[in-house]
Amino acid sequence: QVQLVESGGGLVQAGGSVRLSCKASGSIFSINVMGWYRQAPGKERELVASITNGGRLTFASAVQGRSIISKDNANNALHLEINMLRPEDTAVYYCAPGERPSSDSAWGPGTQVTVSA
């Protein structure tokens, strides 16, 4: 039922950082699992990181050790930080509810992250 809108993307130099936000139109407390996904040019959409209300975290190997995900139930927002960016991180980043979101899930419109070498 909630609407999601991502923000924070842009053109970033390799080695830099991005801090993305996903703002929900309503409460996300009842949504136990939320995650960030990305789709690079010519590639399939893939999981970047996910988080539960209980603090269980999952990170893709590609961002392990350089990414932080947080779920702010008080402000109905999901955040993602990726440090030491690489050109391979270039993609449209989306947030979505649920453990296994599908095409019917409430995906946000996405925010573009472009990393220049």
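J.: Looking at this structure, how should I read the sheet that holds strand S10 (residues 111-116)?
T.: Strand pairing in a sheet is mediated by backbone hydrogen bonds. Such pairs are either parallel or antiparallel. Read from one edge of the open sheet, six strands run S2-S10-S9-S4-S5-S6, paired in mixed fashion. Of all strands in the sheet, those with a lone pairing partner are strand S2 (10-13) and strand S6 (57-59), marking the two edges. Strand-to-strand twist of the sheet, defined as the mean angle between neighbouring strand axes without regard to direction, takes the value 20 degrees. Note that strand S4 (residues 33-39) and strand S9 (residues 91-97) share six bridges and pair antiparallel.

J.: When you look at the sheet that holds strand S1 (residues 4-7) in this model, what are you seeing that I'm missing?
T.: In spatial order, the strands read S1-S3-S8-S7; together these four strands make up an open sheet with antiparallel pairing. Lying at the two open borders of the sheet, with one neighbouring strand each, are S1 and strand S7 (67-72). For this sheet, the mean angle separating the axes of adjacent strands, direction not counted, is 15 degrees.

What counts and what doesn't
- Residues numbered from 1 in each chain as written.
- Predicted model: local features only at pLDDT ≥ 70, side-chain atom pairs only at ≥ 80, totals over all residues.
- Heavy atoms only, no water.
- Pairing = 2+ DSSP bridges.
- Helix = DSSP H or I, 4+ residues; strand = E, 2+ residues; numbered from the N terminus.
- Axes fitted to C-alpha atoms, helices over the stretch in contact; angles between N-to-C directions.

This is a description of form; function is not addressed.
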